[in-house]
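Residues per chain, in single letters:
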Amino acid sequence: MREVINDLLPEINWITDLKLREAVIDCHVSALNAGGWEPSDMDKLPFVLASFPNCPTSYLRHIRAVTRMCRMILEEYNLIYQGQGDFVLDHDKLIAGALLHDIGKFLEWTKDSDGNFRKSQSGKYLRHPLSGIVIAMKNDIPVDIAHIIAYHAHEGEGAKRSPEAVIVSKVDEMNFDSIRSHLGYL
């Protein structure tokens, strides 16, 4: 399963800290197993359920888009601010946070007997940022990366966010709103 996850998410290899890279893979294995999913389901699971019907974008495509866009921002941001107050972003923290920001969706959602995706029993009580923290912490993800997972969605509104959490949150929202706009919902 680990090799399949690594093949599906080649951006994992952008993480330079090998221990963190392995922990990000561990999170995916743990979340998929806990939710009863297979790695191939990552490209079938819609990245949203309730916001618009028949979401045309998968969890996998969304995670890769957010991660890749975060990396582009990181490179430009750090280039501009290096030596100018040193407002630089932490590479591994940002990439790991982007890869894991929606990991809790594997617990928040399920597939019914008709093959339709819906909220799971636990998803009725806990949204994916909260279940994502649990997955992350159980798999030795540092708290500053779990923070990104916790605060990437509306649960983080009004909370103090790290610079990396701000970037993941804004890129995630931009992806969400752009697709909604393409579909005529925004």
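What you see is a predicted model; the values in this text were computed from it and never measured.

Novice: Mind showing me how you'd approach the pattern of salt bridges here?
Specialist: Oppositely charged side chains are able to pair whenever their charged atoms sit close together. Counted according to the given criterion, the structure contains nine salt bridges. A salt bridge links Arg71 to Glu75; the shortest N-O distance between them is 3.3 Å. Of this pair, Arg71 and Glu75 both sit in helix H3 (residues 59–81), four residues apart, which is roughly one turn of that helix. Arg71 gets classed as partly exposed once you look at its relative accessible area, which sits at 27%. The class of Glu75 is partly exposed, set by a relative accessible area of 42%. Shared partners join several salt bridges into a network, and the residues in it are Arg2, Glu22 and Asp26.

Novice: Can you walk me through the nonpolar core in this structure?
Specialist: Inside soluble globular proteins, nonpolar side chains tend to come together where they are buried. Counting 32 residues, the largest nonpolar core has Leu9, Val24, Leu99, Leu100, Phe106 and Ile141 as its most contacted members. Among the elements of the structure, helix H2 (18–35), H3, helix H4 (91–100), helix H6 (128–138) and helix H7 (143–151) are those that each provide at least two residues to this core. For this core, the leading source of residues is H2, giving eight residues. If we skip the residues at most four places from it in the chain, Val24 touches Ile12, Ile15, Ala96, Leu99, Leu100 and Ile141. Cys70, Ala98, Ala165 and Ile167 belong to the second largest nonpolar core, which has 11 residues in total.

Novice: When you look at the side chain of Ser169 in this model, what are you seeing that I'm missing?
Specialist: The residue Ser169 is located in helix H8 (residues 163–182) in this model. Residue Ser169 is classed as buried on the basis of its relative accessible area of 5%. Apart from residues lying up to four places away in sequence, Ser169 is in contact with Tyr151, His152 and Arg161.

Rules used in this analysis
Residues numbered from 1 in each chain as written. Predicted model: local features only at pLDDT ≥ 70, side-chain atom pairs only at ≥ 80, totals over all residues. Heavy atoms only, no water. Salt bridge = Lys/Arg side-chain N within 4 Å of Asp/Glu carboxyl O. Helix = DSSP H or I, 4+ residues; strand = E, 2+ residues; numbered from the N terminus. Buried < 20%, exposed > 50% of the residue type's maximum accessible area, 1.4 Å probe, protein only. Core = buried A, V, L, I, M, F, W, Y, C linked by side-chain atoms within 4.5 Å. Contact = heavy atoms within 4.5 Å.

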